[in-house]
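# Observations on the model geometry
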Amino acid sequence: MNETIEQKIVHGACPHDCPDTCAMLVTVAGGRAVRVAGDPAHPFTRGTLCTKVANYHERTHSSERVKTCLRRVGAKGAGQFMPISWDEALEEITARFRALSESAEGAETIMPYSYCGTMGLVQSESMDRRFFNRLGASILDRTICASAGSAGYDATIGARLGTDPERFADARLILLWGTNTITSNVHLWPFILEAKHRGARLIAIDPRRTRTADQCDEHIAPLPGTDAALALGLMHVIFAEGLEDRDYLERHTVGAEELRRHVREYAPARVAEICGLEAETIVRLAREYATTRPAVIRLNYGLQRHAGGGMAVRTITCLPAVTGAWRDAAGGCLLSTSSTFPLNYAALERPDLLPTPRPRTLNMSVLGGALTKVVDPPVRALYVYNSNPAAVAPDQAQVLAGLKRDDLFTVVHEQFMTDTCDYADIVLPATTQLEHFDLHKAYGHLYLIVNEPAIAPLHEAKSNSEVFRLLAARLGFAEDCFKDSDEEIARQALATDHPALQGITLERVREHGWLRLNVPETFAPFADGNFPTASGKCELYSERLAAQGLPPVPEFIPPHESRASAPALAARFPLALVSPAAHAFLNSSFANLPKQLRQERRPFIEINPQDADVRGIADGDRVRAFNERGACELTAVVTTRARAGVVVSPSVWWNKLSPDGVNINQLTSQALTDMGGGATFYDALVEVERLGA
Ligand SMILES: Nc1nc2c(c(=O)[nH]1)N[C@H]1C(S)=C(S)[C@@H](COP(=O)(O)OP(=O)(O)OC[C@H]3O[C@@H](n4cnc5c(=O)[nH]c(N)nc54)[C@H](O)[C@@H]3O)O[C@H]1N2
Ligand SMILES: Nc1nc2c(c(=O)[nH]1)N[C@H]1C(S)=C(S)[C@@H](COP(=O)(O)OP(=O)(O)OC[C@H]3O[C@@H](n4cnc5c(=O)[nH]c(N)nc54)[C@H](O)[C@@H]3O)O[C@H]1N2
Ligand code: SF4
Ligand SMILES: [Mo]
């Protein structure tokens with residue numbers, strides 16, 4: 001008899017830390033996920049997934065998954081474990097956490113560490129936050145990616161609201177500023193192409209000639225960390241030539257006069273010197289930007305991983321107010337759409353459960369310091385989920401030294417045996433997106449998306465929310481919120497009376513798998529001002545920044561490490577290293593899977609022929625990149641895609657899958673950004689030398 005296996009299609013959401021948050025359709029047959037696809041009905045996903053996620057079902061069914069709980073039996077870092085039961089694992093964690101909570105040093109000795117392995121509201125920021133709040137653990141400041149740019153954007157605009165990405169198709173000029181759109185925001189690209197077909201000009205502003213820059217009409221390559229100077233130079237020209245929109249400035253901004261006076265210091269010749277550009281380029285770009293409508297700027301987080309990252313974003317986001325570009329629905333700028341989602345975060349995270357006095361806050365971008373320097377009380381337990389700090393955190397040598405501490409009790413909840421797992425005392429198996437429920441917002445479009453579990457958890461995997469529910473029960477946390485199901489949590493997130501969520505229920509999202517927020521199809525968010533700042537205006541002058549001791553008008557804050565700002569350091573380590581997002585990886589996710597590893601081939605570093613020649617480096621040579629913090633082995637790619645003085649190494653590779661067992665984060669630093677306490681991954685001077693054959 002011929003048995004037909006019944007197939008079903010389940011609505012999903014891509015969980016990864018990517019602005020596109022794709023709506024997925026998951027095909028299930030015989031209890032296995034056999035296919036994932038982009039939902040063709042979704043207006044932003046438009047039926048495609050990127051090269052990373054197109055075979056996500058293989059990731060889920062990979063034989064490399066963490067299958068059971070594990071207890072470490074070898075030295076930290078050696079990766080030797082034996083299977084244990086969930087009961088044993090949970091008992092050990094609760095015993096340790098209870099003992100630390102009851103010790104004189106208290107629960108602040110426990111440090112949670114998570115980022116956006118999944119972006120789902122349930123699995124990323126609900127039961128976990130409730131649990132650690134109630135426990136009284138140290139609070140984690142999640143700064144590793146976006147906090148500088150977010151602070152800078154908010155200082156000018158008030159919140160992360162901007163141009164609707166679906167309106168980009170109507171723009172006549174698109175500046176892609178510090179974004180490798182085709183690699184890290186690929187579903188915006190069709191809208192940009194549509195604009196191009198209708199005659200729009202595309203300009204990439206990036207120290208590297210990226211695959212996005214290849215597709216633009218023009219590529220401008222400033223030195224890393226100099227974007228604020230470039231934006232100030234543009235404003236200098238715009239004001240000097242009377243190209244500003246006086247009416248818009250008068251009605252919808254504060255501080256236009258202060259800004260006008262201030263930018264006089266940023267004449268094109270001076271800016272050209274700072275940015276390593278031609279003065280003529282700055283003048284031409286200013287004129288084109290100020291006289292083309294609609295003009296939109298897509299900026300992304302790449303440009304804010306520098307000392308002055310917050311101020312860079314703040315400065316660039318003044319431009320559309322100066323020229324009145326906000327008047328058009330297809331004009332303005334976009335960093336993130338996240339503030340368009342007015343979800344009930346207090347219900348999700350329950351900050352009311354925090355003890356008084358409020359526990360200390362630890363910044364995740366200085367994990368190495370938190371684990372190795374004198375902090376009072378010391379960190380004695382680390383609970384890692386949704387993140388792989390051994391590979392992704394800056395100043396890796398110090399991070400690994402901290403993770404190696406024998407007196408540190410480390411739990412890692414993971415889908416795969418990452419570099420971080422190797423340092424764990426206890427490893428817990430995590431579900432993937434196809435095995436659990438979630439509800440997603442996005443930071444690159446305006447739709448809520450539901451993720452229905454397509455299959456039952458594989459092996460002994462449990463979801464984040466489930467593990468925190470179990471830990472809460474074992475620790476005797478009696479609050480009702482620790483019993484909420486995943487679906488109840490999703491409903492609580494939607495329970496607000498904000499107009500953007502009026503009438504949006506979980507049931508309605510489930511009908512199609514996704515739902516657009518209640519915002520008009522065509523809207524120019526700031527055509528009539530109404531900025532969500534304290535003044536209700538675009539703040540070209542910011543009282544709030546002044547109160548924080550920061551420059552109140554936009555200013556150029558030089559990199560921590562550059563030829564101009566640190567000449568003595570640059571004499572020893574003359575090259576500026578940028579380690580941007582690799583095309584086939586998502587941070588360190590996918591960097592262990594066969595298809596994606598084949599695509600990226602090997603850890604490499606792009607170096608300009610000028611810089612390669614003086615070092616005797618030829619294309620394909622094995623090289624060592626190094627500075628005072630560490631060193632790492634790579635293959636040299638000699639190319640003009642890296643501008644002279646800059647080297648580029650797409651990331652993030654797993655340490656244990658790299659030639660010398662470490663990756664580029666050996667070279668990055670724990671120095672922080674001007675605003676938001678952010679990481680400065682792309683602000684690092686290095687030297688590169690040829691290794692023997
Ligand atoms: N394929 C892929 N997609 C991803 C990711 C990934 O790892 N791989 N990561 C995801 C995550 S977590 C994030 S935060 C986003 C990041 O998205 P993006 O911000 O687009 O990505 P980055 O690669 O960090 O930086 C973008 C570009 O900024 C350039 N850049 C670096 N420094 C400067 C500077 O000082 N000025 C200017 N103008 N440009 C600069 C880099 O050369 C790079 O080409 O992407 C997400 N999407
Ligand atoms: N040199 C350099 N370093 C960088 C960057 C760079 O561009 N260059 N980018 C930085 C940026 S922008 C970011 S955002 C950070 C990101 O750093 P991370 O947040 O650490 O991101 P990933 O490396 O993707 O690791 C996420 C981990 O979470 C796991 N995971 C996924 N879903 C779940 C789940 O449901 N439960 C649990 N328990 N685990 C899950 C995945 O298997 C994966 O190992 O890295 C930063 N580091
Ligand atoms: S990583 Fe981004 S582009 Fe790729 S499927 Fe996920 S949301 Fe879409
Ligand atoms: Mo990120």
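Residues numbered from 1 in each chain as written. Chains lettered and ligands numbered in written order. Predicted model: local features only at pLDDT ≥ 70, side-chain atom pairs only at ≥ 80, totals over all residues. Heavy atoms only, no water.

## Thoughts on helix H4 (residues 127-135)
Our working definition: Each residue's exposure class comes from its accessible area (1.4 Å probe, protein chains only) as a fraction of the maximum for that residue type: buried when under 20%, exposed when over 50%, partly exposed otherwise. Going along the chain from the N terminus, every DSSP run of H or I of four or more residues is numbered as a helix, and every run of E of two or more is numbered as a strand.
Burial analysis of H4 places eight of its nine residues in the buried class, the great majority of the element. Directly beyond the C-terminal end of H4, a positive phi value near 80 degrees is found at Gly136.

## With respect to the site of ligand 1
Defined as follows: Throughout this document, a residue counts as near a molecule or strand when at least one of its heavy atoms sits within 4 Å of that molecule or strand. Any pair of nitrogen or oxygen atoms within 3.5 Å is treated as a polar contact; in protein, a donor-acceptor pairing is required on top of that, and neighbouring residues in sequence qualify only through side-chain atoms on both sides. Areas reported here follow the Shrake-Rupley algorithm with a probe of radius 1.4 Å; residue values treat only the protein chains shown as occluding. Basically, the charged four are Asp, Glu, Lys and Arg, the nonpolar ten are Ala, Val, Leu, Ile, Met, Phe, Trp, Tyr, Cys and Pro, and anything else, Gly included, counts as polar.
Near ligand 1, the surroundings consist of 32 residues, among which Asp206, Asp227, Gly302, Phe585 and Tyr682 are the closest. The separation between an oxygen atom of ligand 1 and a polar side-chain atom of Asp206 is 2.6 Å. Protein coverage of the free-state accessible area of ligand 1, which is 900 Å², stands at 98%. The residue makeup of the shell around ligand 1, split by class, is 14 nonpolar, 12 polar and six charged.

## Observations concerning the sheet that holds strand E24 (residues 622-626)
Quick note on the threshold: Any two strands are treated as partners once DSSP identifies two or more bridges connecting them. Axis lines are fitted to C-alpha atoms, over the contacting stretch for helices. Their N-to-C directions set the angle, which ranges from 0 to 180 degrees.
Around the barrel, which closes on itself, the six strands sit in the order E22-E26-E23-E25-E24-E27 with mixed pairing between neighbours. The average undirected angle you get between the axes of adjacent strands in this sheet is 45 degrees. Note: strand E23 (residues 604-607) against strand E25 (residues 631-638), four bridges, orientation parallel. Along E25, the bridge assignment pairs Phe604 with Thr635.

## Some points on the site of ligand 2
The line we're drawing: Where a domain begins and ends is set by an automatic assignment or by a domain database.
Near ligand 2 lie 33 residues; those nearest to it are Asn388, Glu414, Ser579, Ser588 and Ser589. In the model, an oxygen atom of ligand 2 is placed 2.7 Å from a nitrogen or oxygen of the Ser589 side chain. A distance of 2.9 Å separates a nitrogen atom of ligand 2 from a polar side-chain atom of Asn665. Starting from 920 Å² of accessible surface for ligand 2 in isolation, the protein chains cover 97%. Taken together, the residues of the shell around ligand 2 sort by class into 12 nonpolar, 17 polar and four charged. Per-domain counts for the shell around ligand 2 show at least three residues from each of domain 2 (69-137 + 344-431 + 470-501) and domain 4 (567-692).

## Here we look at the packing of aromatic side chains
Operational definition: Aromatic rings from Phe, Tyr and Trp, with only the six-membered ring used for Trp, were paired whenever their centres fell within 6.5 Å, and each pair was classed as stacked if the ring planes differed by under 30 degrees, edge-to-face if by over 60, and tilted otherwise. Our definition puts a charge over a ring when NZ of Lys or CZ of Arg is within 6 Å of the ring centre and also within 35 degrees of the ring normal.
Inspection of the entire model under this criterion finds 18 aromatic pairs. Summarising the aromatic geometry, the rings of Phe131 and Phe132 are spaced 5.1 Å apart at their centres and angled 80 degrees between planes, so their arrangement reads as edge-to-face. Looking at Phe131, the relative accessible area reads 0%, which means it is buried. The positively charged end of Arg46 is found above the aromatic ring belonging to Phe191, 4.2 Å away from the centroid. A cation sits over an aromatic face here: Arg624 above Phe626, 4.5 Å from the ring centre.

## Considerations on the domain arrangement of the chain
Using the following cut-off: Contact criterion: two residues are considered in contact whenever any of their non-hydrogen atoms come within 4.5 Å of each other. The term buried area means the drop in 1.4 Å probe accessible area that two parts suffer when joined, counted for both and summed. Basic side-chain nitrogens of Lys or Arg form a salt bridge, by our definition, when they fall within 4 Å of a carboxyl oxygen of Asp or Glu.
What the domain assignment reports for the chain is domain 1 (7-60), domain 2 (69-137 + 344-431 + 470-501), domain 3 (148-338 + 524-547) and domain 4 (567-692). With centres defined by C-alpha atoms, the gap from domain 1 to domain 2 works out at 28 Å. With four residues of domain 1 at the interface, the matching set in domain 2 holds seven residues. Each partner contributes to the roughly 480 Å² buried at the junction of domain 1 and domain 2, and carbon and sulfur atoms together form 44% of this total. When the area that domain 1 buries against domain 2 is broken down by residue, the three leading residues are Pro15, Asp17 and Arg59, summing to 82%. The interface formed by domain 1 and domain 2 holds zero salt bridges in total. At the junction of domain 1 with domain 2, the criterion picks out two residue pairs in polar contact (both at pLDDT 80 or more). Considered class by class, the residues forming the side of domain 1 that touches domain 2 number one nonpolar, one polar and two charged.

## Focus: the pattern of salt bridges
Enumeration according to the criterion identifies 49 salt bridges in this entry. Of the charged contacts in the structure, one is a salt bridge between Arg129 and Asp128, with a shortest N-O distance of 2.8 Å. Each member of the pair, Arg129 as well as Asp128, is classed as buried. When the shortest N-O distance is used, the salt bridge between Arg641 and Asp214 registers 2.6 Å.

## Points about the environment of Leu161
Topologically, Leu161 is positioned in the loop between helix H5 (147-157) and strand E8 (173-177). Once residues within four sequence positions are removed from consideration, Leu161 is found in contact with Tyr153, Ser336, Ser339, Thr340, Phe526 and Pro532.

## Comments concerning the layout of surface pockets
Which entries qualify depends on this criterion: Grid spacing is 1 Å over the protein atoms alone, the probe is 1.4 Å, and a cavity is where that probe fits but cannot get out, while a pocket is an open set with protein on both sides within 12 Å along at least five of seven lines and lining residues have an atom within 4 Å of a point. Grid points are joined across faces, edges and corners, and a volume is the space filled by probe spheres set on the points.
Within this model, the largest pocket holds a volume of roughly 1,100 Å³. Taken together, 37 residues form the lining of the largest pocket, with Tyr115, Glu125, Arg129, Arg142 and Lys441 sitting closest to its centre. Sorting the residues of the lining of the largest pocket by element identifies strand E6 (110-114), helix H3 (121-125), H4, strand E7 (139-141), H5 and helix H16 (345-349) as the ones contributing at least two each. It is H4 that provides the largest number of residues to the lining of the largest pocket, a total of four residues. Considering only residue class, the lining of the largest pocket consists of 18 nonpolar, nine polar and 10 charged. Looking at the second largest pocket, its volume works out to about 390 Å³. Contributing to the lining of the second largest pocket are 23 residues, with Leu223, Ile274, Ser562, Arg563 and Ala564 lying nearest its centre. Elements represented by at least two residues in the lining of the second largest pocket include exactly helix H12 (268-275), strand E22 (575-578) and strand E27 (684-690). Classifying every residue of the lining of the second largest pocket gives 14 nonpolar, four polar and five charged. Two domains each provide a minimum of three residues to the lining of the second largest pocket, namely domain 3 (148-338 + 524-547) and domain 4 (567-692).

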